[in-house]
Amino acid sequence: MRELVRRLDVPSPGRQRPRRLRSSDPLRRLVRETRLTPGQLLAPVFVVSGTGRREPITSLPGHARLSADLATELAAELARLGVGGILLFGIPDEKDPEGRAAADPSGPVCATLRQIRSAGLGLVLAADVCLCEYTTHGHCGVLRGEQVDNDATLPLLAEAAVAYAEAGADVVGPSAMMDGQVAALRAGLDQAGRTETAIMAYASKAASYLYGPFREAAGSAPSFGDRRGYQMDPANGREALRELQLDADEGADILMVKPALTSLDLLARARDRFDLPLAAYNVSGEVAMIEAAAERGWLDRRGAALECLTAIARAGADVIITYFAADAARWLAE
Ligand code: PBG
Ligand code: ZN
């Protein structure tokens, strides 16, 4: 029988040889489907008041809370590496129940935006818009009793977005998960004459345990309760797509899915359904898992980080927000 098959030269599954194109680095590179580029990465940066201030963030190795001058130095380095842009988070000196400092034109976010803008670095400047870093209770909106009051929060978010736009932000990123926040920001920006400021909507944002290191960095953990009353149930995929649709309809320019690695299915489905650019936030806990394991020698940090970022891009993300931005840009240049 074996002899017969050989003589007849019958193709068999064994003759499919996908390994052919895996046999050398140049061949693998030639047929690679997903290519990461530094220009698609946004680096989160935490800013505080003052000058010359650098407070290392223990839960995010290599990252620190920076004053505007040092954040500008970091931005210059990121620009040199070809990183696409930065996403700013502010930590105010004083918090209050309404998170008023979020819209302070002399606060750390606005100060940093003005400094980086005047340095002319050619980076995209994005600013996160939320109240949780600014409220005494750590919730993402103002409270009525123990509930977050959706509609009372909207004007405060819009006011913050306008302040960031006026300080030089190209992009504002509403992350509070209030219903109607994209429409509120668009209306506020347009009324202020900021029709060119883009909105990157945290559209599908799950109530995730993977934000832990970020909350330590930003001092934004809720003082009571949790965020499940406004952030999404991680179990819901159809609802995630509905959230994306709502934000697209409200005028979002970029749709974000977050966290990234636990939402690859959502990214893939969103890629099929929407023509807007998609962003994915490779959140602090996703990074912390790699950092902690690498520190113990349990996995290769560089390899694991690039593999995760590639998977996020393969799933459909155009823009990736990642704490690995600077390292990834260095690795990709090698
Ligand atoms: C604020 C905000 C959070 C993150 C981005 N914006 C934290 C939260 O919702 O509690 C998380 C980012 C990260 O974990 O890296 N609303
Ligand atoms: Zn928040």
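Residues numbered from 1 in each chain as written. Chains lettered and ligands numbered in written order. Predicted model: local features only at pLDDT ≥ 70, side-chain atom pairs only at ≥ 80, totals over all residues. Heavy atoms only, no water.

A. Highlighting the coordination of the zinc ion (ligand 2). In the first shell of the zinc ion (ligand 2), the protein supplies Cys130 (SG), Cys132 (SG) and Cys140 (SG), at 2.2 to 2.3 Å from the metal. With four donor atoms in place around the zinc ion (ligand 2) and angles of 100 to 121° between them, the coordination shape is tetrahedral. Read from N- to C-terminus, the donor residues coordinating the zinc ion (ligand 2) fall into the pattern C-x1-C-x7-C. Taken together, the residues cysteine 130 in the loop between strand E5 (124-129) and strand E6 (143-144) and cysteine 140 in the loop between E5 and E6 connect sequence positions ten residues apart. (Donors = N, O, S within 2.8 Å, 3.2 Å for Na, K, Ca; no water. Tetrahedral: all angles 85-135°; square planar, octahedral: opposite > 155°, others 65-115°. Helix = DSSP H or I, 4+ residues; strand = E, 2+ residues; numbered from the N terminus.)

B. Here's a closer look at the packing of helix H11 (residues 301-315) against helix H12 (residues 325-333). Where H11 meets H12, the closest approach of the two axes is 11 Å, and the angle between their N-to-C directions is 95°. Judged by the angle between their axes, H11 and H12 are roughly perpendicular. Side by side, H11 and H12 meet where Arg301, Arg302, Ala305, Leu306 and Leu309 of the first sit next to Asp327, Ala328, Trp331 and Leu332 of the second. In terms of residue class, the contact of H11 with H12 is made up of six nonpolar, no polar and three charged. (Axes fitted to C-alpha atoms, helices over the stretch in contact; angles between N-to-C directions. Parallel < 35°, antiparallel > 145°, perpendicular 65-115°, else oblique. Contact = heavy atoms within 4.5 Å. Nonpolar A, V, L, I, M, F, W, Y, C, P; charged D, E, K, R; others polar.)

C. Highlighting the site of ligand 1. Ligand 1 sits among 18 residues. The nearest are Lys205, Arg215, Lys258, Ser284 and Tyr323. Glutamine 231 places a polar side-chain atom, nitrogen or oxygen, 2.9 Å from an oxygen atom of ligand 1. The contact in question runs from an oxygen atom of ligand 1 to an N or O atom on the side chain of serine 284, over 2.7 Å. If ligand 1 stood free it would expose 410 Å²; the protein chains cover 100% of that surface. Grouping the constituent residues of the shell around ligand 1 by class yields ten nonpolar, three polar and five charged. (Near = heavy atom within 4 Å. Polar contact = N/O pair within 3.5 Å; in protein donor to acceptor, adjacent residues only side chain to side chain. Areas by Shrake-Rupley, 256 points an atom, 1.4 Å probe, with all protein chains shown as cover.)

D. Representation of H11. End to end, H11 covers 21 Å across 15 residues, agreeing with the expected 21 Å (1.5 Å per residue, within 8%). Taken together, the buried positions of H11 are occupied by Ala304, Ala305, Leu306, Leu309, Ala311, Ile312, Ala313 and Ala315. Along its buried surface, H11 packs onto helix H9 (264-273), strand E11 (278-282), helix H10 (284-295), strand E12 (319-322) and H12. (Expected span 1.5 Å × (residues − 1). Buried < 20%, exposed > 50% of the residue type's maximum accessible area, 1.4 Å probe, protein only.)

E. Fine view of the nonpolar core. Among the nonpolar cores identified, the biggest contains 112 residues, and Phe46, Leu113, Tyr164, Val172, Met200 and Tyr281 are the most heavily contacted of them. Among the elements that take part in this core, helix H5 (residues 150-167) stands out by supplying ten residues, more than any other. In contact with methionine 200, not counting residues within four places along its chain, are Leu42, Leu87, Val171, Val172, Gly173, Pro174, Ile254, Met256, Ala279 and Ile321. (Core = buried A, V, L, I, M, F, W, Y, C linked by side-chain atoms within 4.5 Å.)

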